[in-house]
Amino acid sequence: MSYSHPPRRTGLPRAVLRWLQSLDLSFSPRNFRRDFSNGYLIAEIFSWYYPADIHSHGYENGASLASKLSNWSQLAQFFSKRNLKPVQELIDGTIHCKPGAAEMLVQDIYSMLTNGRIKNIQDEVDFTDHYYQEQLPMVARSTASKAIKNNIKLTEIMIEPNINKNRQKVNAIINMHMQQRLVEREENPKRFNIKPSLAERAVRHPVAVGPSESAINIQREKLSFISNLGLPEIRGKTGVQFKEIQVKQADRGSFTVEVYVQELQAPSQKDSN
């Protein structure tokens, strides 16, 4: 069968599209996310392979949540009877019109019914808009509230009104959004006006030692050498006079040693004391 209006380009392989056209469905799927969400077309697909178990008149082609739950409930009974095991995450994503869920479910059903292998089928089930947000520029990416709205559908809350479970979903989305924002800050810190920390600014560079500093270092080494000679009591006293003494040796070259000499008080001052 050839559709009067061929389906729009989707993420399905060409072999899967030809397979759908050969089933002679009641209408051509124009929007996979919307047309497969109620399970009506899924029932038609299985009716071609199991006509005794599925009758199309028992399913309603409606857009309401009640119609979706009724159709998928009958399909769940059929799957259990025939021991068919489609991925439940794909079914939930198709019911809630998650992007890419319907396409992956159709590929899974194609492999189940025809034993055909599809190379580009995804292994990980991720129906968030994380990949889509990465393709956008930073100014066009969603905020935290927009991320919650994009990744949680109203039908999910209506089916599962448990506040704790919905809160866990919201927290997971917020954490994913915050991680993405941290990556953006690391990639482009100038855009967010991030100032470097004190540790980042305090970069220690090697300082060139000038002649004056080298002389000071030599003087300190001499003082430390003298302090180790056993004269610690002289260091704390005031009125100390320095005297330079030249010492010559036969075997070694001359060297200069600075010795602390305590200033002698005059005899007149001793007598006065």
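Check the entry above for the structure.
About the thresholds
Residues numbered from 1 in each chain as written. Predicted model: local features only at pLDDT ≥ 70, side-chain atom pairs only at ≥ 80, totals over all residues. Heavy atoms only, no water. Helix = DSSP H or I, 4+ residues; strand = E, 2+ residues; numbered from the N terminus. Buried < 20%, exposed > 50% of the residue type's maximum accessible area, 1.4 Å probe, protein only. Contact = heavy atoms within 4.5 Å. Areas by Shrake-Rupley, 256 points an atom, 1.4 Å probe, with all protein chains shown as cover. Patch = residues over 30% accessible without salt bridge, like charges linked within 9 Å, V, L, I, M, F, W, Y side chains within 5 Å. Salt bridge = Lys/Arg side-chain N within 4 Å of Asp/Glu carboxyl O. Polar contact = N/O pair within 3.5 Å; in protein donor to acceptor, adjacent residues only side chain to side chain. Expected span 1.5 Å × (residues − 1). Arc of directions from axis to C-beta.

**Let's talk about the overall build of the chain**
Helix and strand counts for the chain stand at 14 helices and 2 strands. In the chain, buried positions account for 29% of the 273 residues. Looking at the chain alone, contacts between residues at least 24 apart form 53% of all its contacts between residues at least 6 apart. If you sum the accessible surface of the chain, you get close to 19500 Å²; carbon and sulfur atoms cover 52% of it.

**Digging into a nonpolar patch on the surface**
Together, L154, I157 and M158 line one region of the surface with nonpolar side chains, adding up to about 310 Å² of accessible area. When you line up the elements, L154 lands in helix 9 (residues 154-159).

**Here's the deal with the side chain of N71**
In this structure, N71 sits in helix 4 (residues 65-82). A polar side-chain atom of N71 sits 3.0 Å from the main-chain carbonyl oxygen of N38. The contact partners of N71, leaving out residues within four places of it in the chain, are N38, Y40, Y59 and E60.

**Quick notes on helix 4**
With 18 residues, helix 4 extends 26 Å from end C-alpha to end C-alpha; this agrees with the ideal 26 Å at 1.5 Å per step. Among the residues of helix 4, those classed as buried are L65, S67, K68, N71, W72, L75, F78 and F79. Buried residues along helix 4 cover an arc of 150° about the axis, so they all sit on one side. The exposed set on the far side of helix 4, more than 90 degrees from its buried face, consists of A66, Q77, S80 and K81. In this structure, the buried side of helix 4 is in contact with helix 3 (40-49), helix 5 (88-95), helix 6 (101-114) and helix 9. At the exit of helix 4 stands N83, carrying a positive phi of roughly 60°.

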